[in-house]
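Topology and contacts: notes
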Amino acid sequence: MSYYLFMNALRTILLAMLAAGSVHAEPLIVLVDTSTEMPLADFRRGQLVRGITKDLAEALAQKMGRKLELMVLPRKRIAMALDSGQGDMLCLYLPEWLPGRYQWTQPFFPQAELLLTALSAPPTHSLEELAGRRVGTVLGYRYPEFEHVLGAGFLRDDAPTNLINLRKLAAGRVQYAATIKSHYDYQLKLGEQIRTHPPLFIKQYLTRCALSHKGHVSLTEADAAITQLLQEGVINKIITNYQ
């Protein structure tokens, strides 16, 4: 038996064992930040009702043979809930966005960061050109690439959401805005009027899930579930559903 076939069989056996014990398994508690926007999350009356985050959480819980519980919290309380073990998992993050002592799954979910430049300004070809210029950002979000390149020259103009940033850009209140590609594409799909130069790609990366050291999910269990979802094309299907 080849190494690939052996590892695949091992993962299948592990997940079958986990599913067999699901009757007595603890629920999978996935944390969700209330500032998350579509296509990642749509909230109604404080409940997550749809979006990539919900679909992903449901798929992970199914693979682990666990009942899913979603815990919706403001961004300021997310780290505390993960530290204390109130929640097991927080997904679609990078370690540099969430300082702390967590276990991190394998990278698996693609995202890309963009810079949008209004037509009233010259096209932007590099981050260095933004030194000393206000950039539309989201309150509480980290922008490591901007911070690294611009240092003290990174002037943030915070808004509550990415969508408000896009509308500030359209209204001429800022000439530059940082956003993520999935949100930008989703708003264009909905007909949002975003008249800009072609976006500048800042960074493409694969996001992960952070696991609480006090939670009920092991890194081995989470990575096995993610591997199965990747192999079965579930991750790509989730992404395609919102494009």
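Everything discussed here concerns the structure shown above.
These figures come from a predicted structure and were not determined experimentally.

Observations regarding the side chain of serine 35
Among the structural elements, serine 35 can be located in the loop between strand S1 (28–33) and strand S2 (42–44). Judged by relative accessible area, serine 35 falls into the buried class, the value being 18%. One polar contact links serine 35 to aspartate 33, side chain to side chain, over a distance of 2.8 Å. Residues contacting serine 35, with those up to four places away along its chain left out, are Arg75 and Tyr141.

As for the layout of surface pockets
In this model, the largest pocket occupies a volume close to 290 Å³. Where the lining of the largest pocket is concerned, the elements lending two or more residues are strand S7 (109–117) and helix H6 (181–189). Among the elements that take part in the lining of the largest pocket, H6 stands out by supplying 5 residues, more than any other. Residue composition of the lining of the largest pocket, by class: 8 nonpolar, 3 polar and 3 charged.

Digging into the packing of helix H2 (residues 52–64) against helix H7 (residues 219–231)
At a minimum axis distance of 9 Å, the contact between H2 and H7 shows a crossing angle of 110 degrees. Taken together, the axes of H2 and H7 are roughly perpendicular relative to one another. The crossing of H2 and H7 is right-handed. Residues Leu56, Ala59, Leu60, Lys63 and Met64 of H2 touch H7, and the partners they reach there are Glu221, Ala222, Ala225, Ile226, Gln228 and Leu229.

Each value, and the rule that gives it
Residues numbered from 1 in each chain as written. Predicted model: local features only at pLDDT ≥ 70, side-chain atom pairs only at ≥ 80, totals over all residues. Heavy atoms only, no water. Helix = DSSP H or I, 4+ residues; strand = E, 2+ residues; numbered from the N terminus. Buried < 20%, exposed > 50% of the residue type's maximum accessible area, 1.4 Å probe, protein only. Polar contact = N/O pair within 3.5 Å; in protein donor to acceptor, adjacent residues only side chain to side chain. Contact = heavy atoms within 4.5 Å. 1 Å grid on protein atoms, 1.4 Å probe; cavity = no way out; pocket = protein on both sides within 12 Å on 5 of 7 lines; lining within 4 Å. Points joined across faces, edges and corners; volume = space filled by probe spheres on them. Nonpolar A, V, L, I, M, F, W, Y, C, P; charged D, E, K, R; others polar. Axes fitted to C-alpha atoms, helices over the stretch in contact; angles between N-to-C directions. Parallel < 35°, antiparallel > 145°, perpendicular 65-115°, else oblique. Left-handed = near helix turned anticlockwise from the far one by under 90°.

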